[in-house]
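This is what each chain is made of:
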Amino acid sequence: MSTSSSGKRSSDKAVRWLDADEERAWRAFRRVVTVVQTGTARDLAAIGLSEADYEVLSTLSERPQRTSTLREQARKMGWSRSRLSRHASRMEARGLLRRDPDADDGRSCLLVLTDEGMAVLEDAAPAHLASVRRHFIDRLAAADLAALERIAARMEERDGDV
């Protein structure tokens, strides 16, 4: 169904329909997300990783002792803990990470990037960065990138309201 008022029903009076400019902007945003994610996901798949694999590996590589709680990692990715736990099991089976008990939360665990996982990340990073450049950075002017940073900051300010 369209997100504009063009096809609204009489029972939708309380709905704040998008005007034509808002709808075009929303659809443009969705196209950008789709194009960039599809391209970078395809490029990661070609080197044997999923977007989620890369996110977990890169995030853990930046943490002290290359370790994060399952809860914090799930929050960062916007996933449920159970979804991340299942994904972490698959990554653990591939030797990319291990789980250690979380002394602060007996019901949870710590995700620890293994040396093998770090090596996989280091091998994948140049190809991933080239992909990000090809599908995103190199297609935009410096002013576009600055505008995106401002937009992201505004979205993050309101994130708690959702």
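The following paragraphs examine the structure supplied in this document. As the structure is a prediction and not an experimental result, all values here were calculated from the model.

### Some details on a nonpolar patch on the surface
- Together, Leu148, Ile151 and Met155 give the surface a local cluster of nonpolar side chains, amounting to about 290 Å² of exposed area.
- The topology assignment puts methionine 155 in helix H6 (residues 142-158).
- Using a relative accessible area of 58% as the deciding quantity, one classes methionine 155 as exposed.

### Looking at the packing of aromatic side chains
- Counted according to the given criterion, the structure contains one aromatic pair.
- Directly above the aromatic system of tryptophan 79 lies the positively charged group of arginine 83, at a separation of 3.9 Å from the ring centroid.

### So, helix H4 (residues 81-93)
- Between its terminal C-alpha atoms H4 stretches 18 Å, which fits the 18 Å expected from 13 residues at 1.5 Å a residue.
- Burial in H4 covers these residues: Leu84, His87, Ala88 and Met91. One side of H4 holds all its buried residues, which, seen down the axis, span an arc of 105 degrees.
- Buried residues in H4 make contact with helix H2 (51-62), helix H3 (70-77), strand S2 (97-101) and strand S3 (109-113).
- Just beyond H4, the residue with positive phi is glycine 95, at close to 80 degrees.

About the cut-offs
The numbering scheme is per chain: residues are counted from 1 as the chain's sequence reads. Selection of residues for local features in this predicted model requires a pLDDT of at least 70, selection of side-chain atom pairs for listing and counting requires 80 or more, and totals for whole chains, interfaces and linings are taken over all residues. Hydrogens and waters are ignored; side-chain quantities use all the structure's heavy atoms. The patches reported here contain residues having more than 30% relative accessible area and no salt bridge. Joining distances are 9 Å for like charges and 5 Å for nonpolar side chains (Val, Leu, Ile, Met, Phe, Trp, Tyr). Every accessible area reported is derived by Shrake-Rupley at a probe size of 1.4 Å, with residue values counting cover from the shown protein chains alone. Basic side-chain nitrogens of Lys or Arg form a salt bridge, by our definition, when they fall within 4 Å of a carboxyl oxygen of Asp or Glu. Secondary structure elements follow DSSP: runs of H or I of four or more residues count as helices, runs of E of two or more count as strands, with numbering from the N terminus. Buried means the residue's accessible area, taken with a 1.4 Å probe over protein chains only, is under 20% of the maximum for its type, while exposed means over 50%, and partly exposed covers the values in between. Classification of ring pairs uses Phe, Tyr and Trp, with its six-membered ring standing for Trp, and accepts pairs whose centres are within 6.5 Å; under 30 degrees between planes counts as stacked, over 60 as edge-to-face, and the remaining range as tilted. Only when the NZ of Lys or the CZ of Arg is both within 6 Å of the ring centre and within 35 degrees of the ring normal is a charge said to sit over the ring. Helix span, as expected, comes to 1.5 Å for every residue beyond the first. This arc describes the spread of directions from the helix axis toward the C-beta atoms. Residues count as neighbours in contact if any of their non-hydrogen atoms are within 4.5 Å of one another.

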